Each structure stands twice: as structure tokens, then as C-alpha cells.
Amino acid sequence: MATTLSKPQSAGFDVSEERFVSHLGRNACDFFRELDATKTKVRLVHHAKRPHSQLLELEVNDGRISRNVIYKIPFSLENSETNEFSATPRPRLFPEIAPTTNGLREFRALEAIERHFRALDDERFGVISIFELLESPLVVVMEKSPDGDLKSLLKRATRFHTKSNSESLGCVFANVGTWLQELHTLPDLDYTETRHADRDCFVDAAERFTDGLIQQLGRHSFFQGLCRRLIDAAAVHLPDRVPSAVAHGDFAPRNILVSANSRVTVFDTQCRWRAPLYEDLAYFLMSLKTPGAQVRAQGTLFSPAQLASWESAFLGAYFEGSEVPIAAVRLYECLLTLEWWAAINFRQSEGSLKQRASLALSNRYLSRYIQLLIAEI
């Protein structure tokens, strides 16, 4: 299908459930050759409307075989007429882009990932079949995996659950690290751009995020001191040119599927940037250590030993037995934590009483968390 990154027509988007049910009815036997075309029936299983996307899950069944398909609209339809997107003045690691083109980038990225991991034929890695990209709007059509996500597994592996649940995840975290290493070998796609390629970009981002937090929270001496320590550490531990790779950009447990035999499958990426490879590593670790439940529990949900064990398996697999540049990883973990910290304060500072109470817990936890990270550098 010849499709470009030009702005799609915003008027007249058809996102009706009937459209997708009809589309799957016409194409199910092309997607799944084992189905009997004379007996297939399609039904809508679930329609999830999220702040930045919509997901429709459909089932096709011929009486013998059942398969599920996802139709993903990877942007919010609320402002599609004007193609507007967030103009929140908070500091960001990278600029936003008109979201109605997200579908094309995600389709191409997932296709490239499918090709690469199918060719590996490695039992540690699963693959999602990417079927088609619809237009008006750009909708990614893909196979639904039966596996659950790592985020759900972690909920059953807190320090309050059985020890075996926690220990069995070591193989999973190792496979996740190896999967990310493989992703970082992919070549740029035709729209992939390079950003933050040197140490000066790290310093600039640290200054912007700490300035933004000073605007929101005050605490001038704390954040200015934090920024100085990050800049000094970067001068020691980051090279002038930072190692870069095609970045996932949202490498978090919620986007990682895990099978019963620890096979991992990863989705939800556009491969939009070539960026410091430490970003994906740090984002995963930050997502592991600062989920909402962990913040509300003020760090008691997972024990330090659990987190250290999982981190060791993940980083050890990514760096394949080489010495882990832990100071560089921690620096980017600090940087991404600062961005997240600024984001939640810009978004929630004028919310309800419950939201402000939640924000106070987050501020307390993130303050302690980032100081612990710097102490390890």
C-alpha cells in the first residue's frame, strides 16, 4: 500500500465498529489461511477508548478455530478536525508531532520488528503478525497475542506474594534485556531522526527539567544542587558522543507480553528516533521502580533485593556479560525521572483534592528515589 507521511484528511473519519467488523469479515481468511471461508463469523469483543488511542478487539471464528485481531487507532480523535495536539508548556525531552500520522510510523516499525524477530527464529521471542494499515484514519491491524503483559505479572510478584512468583521472573527479565539489545541493532527507518546525540544535549535537558520543577515546586536549592550534581557526573561518565540506537520510546512493562515459558513479545513503538541507547534502558527501569502502586506504597511494594535482582538480569542480558555502564544508565534514569516528575506536576497541580494528595505522595517518593539514584553514580 503506497502511503506517505503527508497530513491525512481529517474530516470524515470512519471509526465505527461496523466498519472494522465488516473489514475483518472480508479479510479474515487472508489473515488466517487455516479458517474456513464459508463458516467464518466475526464479533466485537472489546472497544477501549483511551486518552491517546482507541483499541478494538475482534474475534473471527469458523466453528473450529478462533483468532483475535486488534484494530488500533493510535491517536485521540477529539481534536482530529483541527489536527491539534497538546500545547502544554511543560519541558519535554523531545517535541510532540501531529498525532494523526502515528499510525503509519507504528505500522512500519512493527513490520520491521516482525521481520527481524521472525528471521531470528529464537524461542525466547514472540512475534505479532502485522496485517494491514487502513486509511482515513490510519489504523493498524494486527494479531492479538494470547499472552499477558509484564505489568500484570509484576502485580502478582510483590513482596507480599510468594517468593516463587518473584524468582521465576528472572528469566523473563533476561529475555527482555536481550530483546531490547536486538531492537537496538535495527537500521533507521526512512522517517527515523537522530536526537540527543551528545553529552551537551543531556546537560541541556537536565537544566530544562530542573528549571521547570523549580517553577512548579520551588525548592530552588534542592533542584539547582541536583542539576549541578548531574552535570558534574555527566562530565565524568558520558562521552562527548553518546552511543545511540533506534529507540523503542515507550519500553515499559505494560508494553511487554510474557508467555508461560518466559517468551517475550514487545509492541507499541514507532521507532521514531535514533537516541541514546541508555534511554530505553533507563525508561524500563524507571517504569519498573515507580509504578503508581509502588509510589502509593512509598516504595514498599517491591523489596530492594527484588528490584536489584530483576535489574541485574535485565542489564546483564542486554550487555551480554560485559561490564554494565551503570553510571551512564543511572544518569539517564535520573533524566527521565525528572521529565516524568515535571509532567505530573504540570498536569495535576490544579486537580481535585484526591489528585493533589496523590501528587504529594509522588513528589515525596520521586525526591527520595532520584537522590538514591545519584548516590549510586
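What you see is a predicted model; the values in this text were computed from it and never measured.

What counts, and where the lines are drawn
Residues numbered from 1 in each chain as written. Predicted model: local features only at pLDDT ≥ 70, side-chain atom pairs only at ≥ 80, totals over all residues. Heavy atoms only, no water. 1 Å grid on protein atoms, 1.4 Å probe; cavity = no way out; pocket = protein on both sides within 12 Å on 5 of 7 lines; lining within 4 Å. Points joined across faces, edges and corners; volume = space filled by probe spheres on them. Helix = DSSP H or I, 4+ residues; strand = E, 2+ residues; numbered from the N terminus. Nonpolar A, V, L, I, M, F, W, Y, C, P; charged D, E, K, R; others polar. Salt bridge = Lys/Arg side-chain N within 4 Å of Asp/Glu carboxyl O. Buried < 20%, exposed > 50% of the residue type's maximum accessible area, 1.4 Å probe, protein only. Phe/Tyr/Trp six-rings, centres within 6.5 Å; stacked < 30°, edge-to-face > 60°.

Draft legend 1. Main features of the layout of surface pockets. In this structure, the second largest pocket encloses a volume near 370 Å³. Contributions of two or more residues to the lining of the second largest pocket are made by helix H10 (304–318) and helix H12 (353–376). Ranked by the residues each element gives to the lining of the second largest pocket, the list is headed by H12, at 6 residues. A class-by-class count of the residues in the lining of the second largest pocket yields 8 nonpolar, 3 polar and 6 charged.

Draft legend 2. Main features of the pattern of salt bridges. For the structure on display, the rule yields 21 salt bridges. A salt bridge links glutamate 376 to arginine 330; the shortest N-O distance between them is 3.0 Å. Here glutamate 376 is found in helix H12, whereas its partner arginine 330 is found in helix H11 (residues 326–348), with 46 residues between them in sequence. With a relative accessible area of 3%, arginine 330 lands in the buried category. Among the charged side chains, a salt-bridge network with shared partners connects Lys289, Glu311, Arg330, Glu333 and Glu376.

Draft legend 3. Fine view of the packing of aromatic side chains. Within the structure shown, the criterion is met by 19 aromatic pairs. A centroid spacing of 5.6 Å and a plane angle of 55 degrees characterise the contact between phenylalanine 94 and tryptophan 273, whose relative ring orientation is tilted. On the criterion of sequence distance, the pair formed by phenylalanine 94 in the loop between strand S3 (66–73) and helix H2 (102–120) and tryptophan 273 in strand S11 (residues 273–276) is long-range, its members being 179 residues apart. With 4.4 Å between their ring centres and 40 degrees between their planes, phenylalanine 284 and phenylalanine 314 make a pair best called tilted. A residue pair is termed long-range when its members are at least 10 positions apart, and phenylalanine 284 in helix H8 (residues 277–289) and phenylalanine 314 in helix H10 qualify at 30 residues. Through a chain of ring-to-ring contacts, the aromatic side chains of Phe117, Phe125, Phe173, Trp179, Phe251, Phe284, Phe302, Trp310 and Phe314 assemble into a single cluster.

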